[in-house]
Amino acid sequence: MKTKILSILIPAVALMVSSCAFDNYDAPDAKFDGRLVYQGTPINLDSRNVYMELWEPGWVKKSKVDIHVNQYGAFSAVLFNGTYKLFIRRNTVPFMVPRNDQTNSDTLLVELRGNKTMDIEVTPYYLVKNASLTNSGKTVHAAFGIEKIITDSNQKEVERVTLYINNVNFVSADAKIAEASINGGDIADPNAIALTAQVPDMTPMQTYAYVRVGIKLRGVDYLIYSPIQKIEF
Amino acid sequence: MKRIFVITFVLSLMFSVACNDDVFLSKQPNDLLNDEQVWSNRDLVILALGDLYNRFPDYQTIENWGEFANFDEAFASRDYGRHQNNDWGFGDWGYWDYSYVRALNSFIKRCAEATVLSAEDRQAFLAEARVLRAAVYFEMVKRMGGVPLIVEPLTYDYSGDPSSLQFPRAKESEVYDFVIRELDEAEDLLLDPTAGGRIYSRATKGLVLAMKTRAALYAASIAKYGETTPSEMTSGGEVGIPASMAQGYYQQALAAAQELIGKGWYSLYRKNTDLRENFTNIFLDKSNNPEIIFVEDFKLKDKFHGFTTNNQPVDQTEEPGDSGWLNPTLNLVQSFEKLDNTFAPLAIGTPGNFVYYDKITDLYEDRDARLWATVILPGSQFKGRTIDIWAGYILADNSIITSGALGGQGTLPGRSAAEQVVGKNGPIDQVEKSAQTGFYVRKFLDPAIGSGQRGIGSAVWWVRYRYAEVLLNAAEAAFELGQADVAAGYMNEVRRRAGFTIDLTAADITFDRIVHERKVEFAFEGHQLWDMKRWRLAHKVWDGQNLGLTTTPGKADESSTKPYGLWPYKVYDPGSPNDGKWIFKTIIPGKAIGIDRFRLRNYYSEIGSDILSRNPKLVPNP
C-alpha cells in the first residue's frame, strides 16, 4: 500500500515542481531607478500620486508602464531591456521636465540594457525654502519661505500653502489628519510664512507625528513639499 | 462479451448518423432576425427602434442610484467604499459606445430606403433615430471631449488594412455643433409633444429644443469657464472650446429655450396647492403632466425598477433585505434657501448652546418647499407614516442615552421601565440601512403599496428632461449674455413654485445664484457632475481640503469634500422648560473617511489604451 501511494505521489510532486520551458518568458530583470532632482537635490512630492509614463514604441498595442515616484522623489522599476520613451504628464505635477535635444521635447529617451540608475533633472515651479517645523506640545508651528523658480510664461500662481500633519510618515494633501492653510493671495511676505496647526487626538494614542508644508499651485493637481519631519510631544 | 457487442453497436449507430451539410449550414437561425427580415415588417422596425431607445445613455439614474453617492449629495448607507477613496479614477465616467452609434447609423440608413414604411412613418422614425444619435454624441462629448464623428455605418473590406475605419477626433466644439445641427434638422420632422395626448418617452419637437438648449449651454459654459483650466485644452481643439465661441453658444441656448417656452406646450407642474407635495408629484404624476419633456418610462409587471425597494425607510420596508441605501447629506440639505431668499446653515446653535425646537420638523419650516420634496426629513411623512429618525435622548449634562439597535430600548435616569431611546430608522452610525446622515431620499420614491417589494418594484419614471430645466437654462444663458432682468424672470417662475414669495431682482442674479438654483432644483436628477464640470467648479468644490462644512452654502465654489449629517436628539430634562424639545448635532458618518479631490484630468475621462491602440489617429486627453 505504502509503495503504491509513493509511486503515485513522487511522479505527481515531480510534475508539480518541474515546469515546461516553452510557455514561460523570463521575468523582467533590468532594474531602472533614480530620483527626480533639481540642482542635484531630490524634490519632495505626494506620496502616492506622481507617476512617470514609460512607453516602448514599436509594438502593435499601445500601453504604458506607470512608474511611481515616491514622496522623496525616488523611483524604481524592474523592466525588460529596451528603448523606452519616458514622459511625465504636465499639469498634474508641480515641476517641469526641461526640453532635451534628443527628442526636441520634454520626452526623455531611456536606453535600458541591464541595470540603470538615472537622476532626472526637473525644474519645480516653486520650492519651499528654509522650512522650520517646531512644536510646543501638540501645537505645530511652521515657518518657511517659498521661492519662485519658473518665472517665464510657464509660471504658475500659488493657490495656497498648507501645513499637513499625519500619524505615519506618509504626509501629503491626501494623507493627513490635520491641516492649516493660507491662500496665495493672503501671503504678505513669501520669505516669511507662518502656519500653526493642532495635532488632533489619535487612536491608538501616540506621542509623535509627522509634518511638512506644501505649496498648491493653481492649475496643478499635486503639491511640492518640504522634507518630512517627525515631531514628538 | 455481450456488453462489448452492445457498446460497439451503439457507437456504430452514432457514427452512421451524420447531418446533411447543405441544410445544416444554410439553416436560418430561429433566435434572431436579420436585417432583411426586420426591414420587411413595420412592427419589427418599431421593436428595433424601441431597442435603440432602451440603450439611451445615462449616468446617475433611479436604476443606478449608487452613483448618486459619488459626490456630496448623498451618503451610501450600504456601500461605504464610495466614501473611502480620495480620488476618482481618470477613466471614470468614460463612455465610448460606437456599437450603439453603428446601430443608429445603420437604422438611419435602412430607414431612409425602407419601402415597408409609410412616408410618414419613415420620416418620423428617421428623425427619432437622428435625435437619439445626437443624444449619444452629446453624452460622449460631455464625458470624453471631441470624438470621431461617424454618421455612416462603416463596413470592413477584409483587406487587412483597417485604416479606412479609423477616424480622428473632431474638435469638442464640432461635436456640439453637430448635435445642435442634427437637432435642428430633426425638429420639423417630429411630432408636437401634445399631439394626441402628451408624448413623454419618445423624441418630440419639445425634446429637440430642450436638448438643444442644454447642449448649447454646456458648450457655452465650457468655452467661457474652460479658460480657468488651461491645462484641459489640446492644441487641436479635441478638448476645450475657445472663449470666443461662448457668446454664440449662449445665444443659441437662449434662443432654443425661448422658442420652447414660446410654444406653450409645457408649463411648470402646479396641480397641488401644497407646494411640498406638488414638487414631489412632478416625478410621480404620469397623467397629463405638463412639465415632463422626456423620460424613461416604466410599467409594472413588464419593466420596473428597484429605486423604492432600495431606498425606502428601513422601519417600513417591504423588503427586509433592502432599504435605506441613499442618505442625502447635510451639505445638500443646508443648501436649500430660507423662504426670505437668504442662505444660512441650519440654525442648530453650538454644543452647549443648542437651539431648542418644539417639533422635530420646526428646524426646516422656513426652508424652500423643494427641501421637503427632495429629502425625507425626520418627522415628515412617507406612505402615511411618520418617519422616526432621532439619535437618542440628551440629558441636562449633555450626556446621551441611546441604543445600538434600530428602535432600541434603554432606561432613562429616574425611570424604571425601559423605553425606546433611538429612532426606528436610526440614525446609528455604521448601521446599514439606517439614516446615517439623519435623512432619506424622497425624490422619485414611490408611495404606491408594493413599490418596496423586489418582485413588484416601482414604475416611477426617470425624468431626463423637464420644463424647469429649460427655464433655468434660459435664465443662465440670459444672465451670461448680460440680460439679468430676463434671467430673473425665468428664475422667479421656478422659485415661486418652490414657495418663494419675494421675487429676485435683476441685481440679485449672480453666477452663484444660478449654480445654487440648479443644485437644489435638480438634486438626484443626474445633473450635478456635468454642471460642475462645465462650470469648471468641480476641482474647486471637491478640492481635497478638509475644511469642515461650509457656513456659506450659497457660494458656488465652497469646498465640500465630505458628506455631513445632522442628528436630532430629544431633550430629557424633567422640570426644565426644554424637556421634550429637540436639538440637532452635526456629524460625519464614521465610514466617510475619504476626502474628495477632483483632479484636473478628471474633466475629460481618459480614453482607454485599447481604444487608442486600435486607432492611432486618436489624440489622447491631456
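Mind showing me how you'd approach the overall build of chain A here?
Along the backbone of chain A there are 1 helix and 18 strands. In summary, chain A has a C-alpha radius of gyration of 24 Å against a globular reference of 17 Å for 233 residues, an excess of more than 25%. Principal-axis analysis of the C-alpha atoms places the extent of chain A at approximately 85 × 55 × 25 Å. Within chain A, buried positions represent 45% of all 233 residues. Of all intrachain contacts in chain A linking residues separated by at least 6 positions in sequence, the fraction that spans at least 24 positions is 67%. For chain A, the computed accessible surface area is about 12700 Å², with 54% contributed by carbon and sulfur atoms. Taking the 24 positively charged and 24 negatively charged side chains of chain A as two groups, their mean positions are separated by 5 Å.

Would you explain the overall build of chain B in this entry?
A count of helices and strands for chain B gives 19 helices and 16 strands. Here the C-alpha radius of gyration of chain B, 28 Å, is about what a compact globule of 622 residues would show, namely 25 Å. Along the first, second and third principal axes, the C-alpha set of chain B runs to 95 × 90 × 50 Å. Relative to its 622 residues, chain B shows a buried fraction of 57%. Here the analysis covers contacts within chain B between residues at least 6 apart in sequence; of these, 72% occur between residues at least 24 apart. In chain B, 67 positive and 81 negative side-chain charges are present, and the distance between their average locations comes to 2 Å.

Would you explain the sheet that holds strand 11 (residues 126-136) of chain A in this entry?
Backbone-to-backbone hydrogen bonds pair the strands of a sheet. The strands run either parallel or antiparallel. Residues and elements named next belong to chain A. Taken together, 3 strands build an open sheet; the order of strands is 11-12-15 and the sheet is antiparallel. The two strands at the open ends of the sheet, each matched to only one other strand, are strand 11 and strand 15 (193-198). Adjacent strand axes in the sheet meet at a mean angle of 20°, parallel and antiparallel pairs treated alike. Taken together, the 6 bridges between strand 12 (residues 139-148) and strand 15 define a ladder with antiparallel strand orientation. Within strand 15, the position partnered with His141 by the bridge is Thr196.

Before we go on, may I ask you to explain the pairing of strand 1 (residues 30-38) of chain A in this structure?
Both faces of the sheet carry side chains from a regular strand, because those side chains alternate between them. All names here are of chain A. When you tally the buried positions in strand 1, you get 7 out of 9 residues, the bulk of the element. Relative to strand 5 (residues 74-79), strand 1 runs antiparallel, the two sharing 6 bridges. Each bridged residue has a counterpart across the sheet, and for Arg35 the counterpart in strand 5 is Ala74. Relative to strand 2 (residues 41-42), strand 1 is paired through 2 bridges, and the arrangement is antiparallel. Across the sheet, Tyr38 pairs through a bridge with Thr41, a residue of strand 2.

Help me understand the nonpolar core, please; the structure alone is not making it clear to me.
One broad rule of soluble globular proteins: the nonpolar side chains tend to lie buried together. All names here are of chain B. In terms of nonpolar packing, the biggest core is built from 117 residues, with Phe107, Val131, Tyr137, Phe138, Tyr176, Ile293 and Trp542 touching the most fellow members. Setting aside chain neighbours within four positions, we find Tyr176 in contact with Phe138, Val141, Lys142, Ala215, Tyr218, Ala219, Ile222, Ile241 and Tyr249. Grouped together as the second largest cluster of nonpolar side chains are 62 residues, Val295, Val333, Phe439 and Tyr572 included.

Explain empty space enclosed by the protein to me, please; I cannot follow it from the model alone.
All names here are of chain B. Tallying each qualifying case throughout the model produces 7 cavities of 30 Å³ or more. Lining the largest cavity we find 28 residues, and of these Asp72, Val515, Lys519, Met532 and Ala556 sit closest to its centre. Elements represented by at least two residues in the lining of the largest cavity include exactly helix 16 (511-521) and helix 17 (528-534). Ranked by the residues each element gives to the lining of the largest cavity, the list is headed by helix 16, at 5 residues. For the lining of the largest cavity, the residue count by class is 9 nonpolar, 11 polar and 8 charged. Looking at the second largest cavity, its volume works out to about 230 Å³. Among the secondary structure elements, those contributing two or more residues to the lining of the second largest cavity are helix 6 (119-144), helix 8 (205-225) and strand 14 (462-466). Of all the elements, helix 6 adds the most residues to the lining of the second largest cavity, at 4 residues.

Looking at this structure, how should I read the interface of chain B and chain A?
How big an interface is tends to be reported as the loss of accessible area on association of its parts. The partner chain A presents 20 residues to the 20 residues of chain B that form the contact. Carbon and sulfur atoms supply 41% of the area buried between chain B and chain A, which totals about 1600 Å² over both sides. For the chain B face of the interface with chain A, the top three residues by lost area are Gln545, Arg597 and Ser613 of chain B, together amounting to 29%. Where chain B touches chain A, the interface holds 3 salt bridges. Arg597 of chain B is paired through a salt bridge with Asp46 of chain A; the nearest N and O atoms lie 3.8 Å apart. Run the count over chain B and chain A and you get 10 residue pairs in polar contact (both at pLDDT 80 or more). Partitioning the side of chain B that touches chain A into residue classes produces 6 nonpolar, 8 polar and 6 charged.

Teacher, can you tell me more about the packing of aromatic side chains here?
Here the distance between the centres and the angle between the planes together describe a pair of aromatic rings. Residues and elements named next belong to chain B. Counting across every chain of the model gives 40 aromatic pairs over all chains. Seen in terms of ring centroids, Tyr156 and Tyr158 are 5.1 Å apart; in terms of plane orientation they differ by 55°. Their pairing is tilted. The exposure class assigned to Tyr158 is exposed, which follows from its relative accessible area of 70%. Look at Phe279 and Phe283: their rings are 5.9 Å apart centre to centre, the planes differ by 70°, and that puts the pair in the edge-to-face class. With relative accessibility at 1%, the residue Phe283 sits in the buried group.

Explain the pairing of strand 13 (residues 158-166) of chain A to me, please; I cannot follow it from the model alone.
All names here are of chain A. Burial analysis of strand 13 places 8 of its 9 residues in the buried class, the great majority of the element. Relative to strand 16 (residues 208-217), strand 13 runs antiparallel, the two being bridged by 8 bridges. Looking at strand 16, one finds that Val158 is bridged to Leu217. Bridge count for strand 13 against strand 14 (residues 178-183) is 6 bridges, and the pairing is antiparallel. Across the sheet, residue Thr162 finds its bridge partner in strand 14, namely Ser181.

Sorry, what's going on with the pattern of salt bridges here?
Pairing is possible between side chains of opposite charge, provided their charged atoms come close. The full count for this structure, using the stated rule, is 66 salt bridges over all chains. A salt bridge links Asp174 of chain A to Arg597 of chain B; its shortest N-O distance comes to 3.2 Å. Here Asp174 of chain A is found in the loop between strand 13 and strand 14, whereas its partner Arg597 of chain B is found in the loop between strand 16 (582-587) and helix 19 (609-614) on a different chain. What makes Arg597 of chain B buried here is its relative accessible area of 6%.

What is the right way to read the confidence of the model for chain B from this model?
Atomic detail in the predicted coordinates should be set aside for any region of low pLDDT. For chain B, per-residue confidence averages 91 on the pLDDT scale, and 98% of positions sit at 70 or higher. Scored as a complex, the prediction yields pTM 0.90 and ipTM 0.84.

Would you explain the side chain of Thr437 of chain B in this entry?
Residue and element names in this part refer to chain B. As for its placement among the helices and strands, Thr437 is situated in the loop between strand 12 (419-420) and strand 13 (440-441). Of the residues examined, Thr437 reaches a relative accessible area of 0% and is grouped as buried. At 2.6 Å, the side chain of Thr437 and the backbone oxygen of Pro328 are in polar contact. Within polar-contact distance, the side chain of Thr437 engages the backbone nitrogen of Phe439 at 3.4 Å.

Just to check I follow, could you spell out the layout of surface pockets for this structure?
Empty space among the atoms becomes visible once a probe the size of a water molecule is rolled across them. By volume, the largest pocket amounts to about 900 Å³. In this structure, the largest pocket is lined by 40 residues; those nearest its centre are Glu53, Trp55, Phe87 and Arg89 of chain A together with Pro620 of chain B. Those elements that place two or more of their residues in the lining of the largest pocket are strand 3 (51-55) and strand 6 (82-87) of chain A together with helix 19 of chain B. Residues that form the lining of the largest pocket fall into these classes: 15 nonpolar, 11 polar and 14 charged.

Which parts of the structure should I look at to understand the packing of helix 4 (residues 42-54) of chain B against helix 6 of chain B?
Axes are the key here: two packed helices are described by the angle between their axes and the distance separating the axes. Residue and element names in this part refer to chain B. Packing of helix 4 against helix 6 leaves a shortest axis separation of 10 Å and a crossing angle of 15°. Relative to helix 6, the element helix 4 lies roughly parallel. Our pair here, helix 4 against helix 6, has a crossing hand that is left-handed. Counted together, Arg42, Val45, Ile46, Leu49, Leu52 and Tyr53 of helix 4 and Asp121, Phe125, Glu128 and Leu132 of helix 6 form the full contact between these two elements. Among the residues forming the contact of helix 4 with helix 6, the class breakdown is 7 nonpolar, no polar and 3 charged.

Rules of the game
- Residues numbered from 1 in each chain as written.
- Chains lettered and ligands numbered in written order.
- Predicted model: local features only at pLDDT ≥ 70, side-chain atom pairs only at ≥ 80, totals over all residues.
- Heavy atoms only, no water.
- Helix = DSSP H or I, 4+ residues; strand = E, 2+ residues; numbered from the N terminus.
- Rg over C-alpha atoms; globule rule 2.2 N^0.38 Å.
- Buried < 20%, exposed > 50% of the residue type's maximum accessible area, 1.4 Å probe, protein only.
- Contact = heavy atoms within 4.5 Å.
- Areas by Shrake-Rupley, 256 points an atom, 1.4 Å probe, with all protein chains shown as cover.
- Lys, Arg positive; Asp, Glu negative; His and termini not counted.
- Charge placed at Lys NZ, Arg CZ, Asp CG, Glu CD.
- Pairing = 2+ DSSP bridges.
- Axes fitted to C-alpha atoms, helices over the stretch in contact; angles between N-to-C directions.
- Core = buried A, V, L, I, M, F, W, Y, C linked by side-chain atoms within 4.5 Å.
- 1 Å grid on protein atoms, 1.4 Å probe; cavity = no way out; pocket = protein on both sides within 12 Å on 5 of 7 lines; lining within 4 Å.
- Points joined across faces, edges and corners; volume = space filled by probe spheres on them.
- Nonpolar A, V, L, I, M, F, W, Y, C, P; charged D, E, K, R; others polar.
- Buried area = accessible area lost by both parts, 1.4 Å probe.
- Salt bridge = Lys/Arg side-chain N within 4 Å of Asp/Glu carboxyl O.
- Polar contact = N/O pair within 3.5 Å; in protein donor to acceptor, adjacent residues only side chain to side chain.
- Phe/Tyr/Trp six-rings, centres within 6.5 Å; stacked < 30°, edge-to-face > 60°.
- pLDDT = per-residue confidence, 0-100.
- Parallel < 35°, antiparallel > 145°, perpendicular 65-115°, else oblique.
- Left-handed = near helix turned anticlockwise from the far one by under 90°.

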